[in-house]
Amino acid sequence: MKNLFGWFFAAAFLGMSGCAQQVDLEAEKAKVKSVVDQFEQVWETNDMELFSRIMAHDSDMVVYGSDAPEHWVGWEPLKESVEKMFPSFENNRITVKEQAIKVHPAGNVAWFSQVWDWDMVLEGKAVRSEGQRLTGVLEKRNDNWVFVQIHNSVPVR
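Remember, predicted model here, so these are calculated numbers, not experimental data. (Residues numbered from 1 in each chain as written. Predicted model: local features only at pLDDT ≥ 70, side-chain atom pairs only at ≥ 80, totals over all residues. Heavy atoms only, no water.)

**Q** Explain the packing of aromatic side chains to me, using residue names and the numbers behind them.
**A** With the rule as written, the count across this model stands at 12 aromatic pairs. Three or more aromatic residues joined by ring pairs make a cluster, and in this case those are F39, W43, F51, W75, F86, F89, F112, W116, W118 and F147. (Phe/Tyr/Trp six-rings, centres within 6.5 Å; stacked < 30°, edge-to-face > 60°.)

As structure tokens, then:
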């Protein structure tokens, strides 16, 4: 009887293990990279529609920008602020360095970090901002990766 119970338990465990869906972490990492790259594209093209597609529209998402007052909680305040920012930027060119992306083994959460340099015309004046640090967290929702948290900072020199 003990042997029968042992076999039953082993068969049930193996059956459940076989049903677990395997996540292709490299494929998910490539998808996350694409969305992170689209975030850079948003700022180079001032594309509000793309920005809306890659951001979570949650009321409790958190974003920190590079200036002290740039702290947003929720999609709506962030959206309103970015819409006001876009007209100030012209000819943005972003160079990304040191990008690192990690996907959780479950395949539904990812985080990244990178350094990015900005060359732009801001209110008619050429500006270069080197060494900005960008980090963030993305979630996979309805088979799409979206940002749920972002932090951008400028190093003290």
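**Q** Provide a residue-level description of the environment of S81, including the pertinent values.
**A** Within the element layout of this structure, S81 appears in helix α4 (residues 75-85). For S81, a relative accessible area of 18% puts it in the buried group. Between the C-alpha atom of S81 and that of E70, which follows or precedes it by 11 residues, the distance is 9.0 Å. (Helix = DSSP H or I, 4+ residues; strand = E, 2+ residues; numbered from the N terminus. Buried < 20%, exposed > 50% of the residue type's maximum accessible area, 1.4 Å probe, protein only.)

**Q** Lay out the nonpolar core with the relevant residues and their values.
**A** One broad rule of soluble globular proteins: the nonpolar side chains tend to lie buried together. Judged by nonpolar contacts, the single largest core of 33 residues is most densely connected at F39, W43, F51, M55, L78 and F147. Elements supplying a minimum of two residues to this core: α2 (25-45), α3 (48-54), α4, β3 (89-103), β4 (109-122), β5 (125-141) and β6 (144-153). The leading source of residues in this core is α2, at six residues. Dropping the residues within four chain positions of it, M55 is found in contact with F39, M61, V63, W75, L78, V146, F147 and I150. (Core = buried A, V, L, I, M, F, W, Y, C linked by side-chain atoms within 4.5 Å. Contact = heavy atoms within 4.5 Å.)

**Q** Explain the environment of V35 residue by residue, including any values.
**A** With respect to the helices and strands, the residue V35 is situated in helix α2. Residue classification places V35 among the buried residues on the basis of a relative accessible area of 8%. Spatially, the C-alpha atoms of V35 and L138 are 9.1 Å apart, while their sequence positions differ by 103 residues.

**Q** Could you give an account of the sheet that holds strand β1 (residues 62-64), with specific residues and numbers?
**A** Sheet strands associate in pairs through backbone hydrogen bonding, adopting either a parallel or an antiparallel arrangement. With respect to topology, six strands assemble into an open sheet ordered β2-β1-β6-β5-β4-β3, the strand pairing being mixed. The outermost strands of the open sheet, each flanked by one partner alone, are β2 (71-73) and β3. Across the sheet, the mean angle separating the axes of adjacent strands is 25° when strand polarity is ignored. In the sheet, β1 pairs with β6 via three bridges, with the strands oriented parallel. Opposite Y64, over in β6, you have H151 as the bridge partner. Lying on the sheet, α4 is in contact with β1, β2 and β3; it crosses β2 at an angle near 140°. (Pairing = 2+ DSSP bridges. Axes fitted to C-alpha atoms, helices over the stretch in contact; angles between N-to-C directions.)

**Q** So, the pattern of salt bridges: which residues are in play, and what are the values?
**A** In this structure the tally under the stated criterion is 11 salt bridges. A salt bridge links D117 to K97; the shortest N-O distance between them is 2.8 Å. Residue D117 is located in strand β4, and its partner K97 is located in strand β3; the two are separated by 20 residues in the primary sequence. Judged by its relative accessible area of 35%, K97 is partly exposed. A salt bridge links D117 to R128, with the nearest nitrogen and oxygen atoms 3.7 Å apart. Of the two residues, D117 sits in strand β4 while R128 sits in strand β5, which places them 11 residues apart along the sequence. (Salt bridge = Lys/Arg side-chain N within 4 Å of Asp/Glu carboxyl O.)

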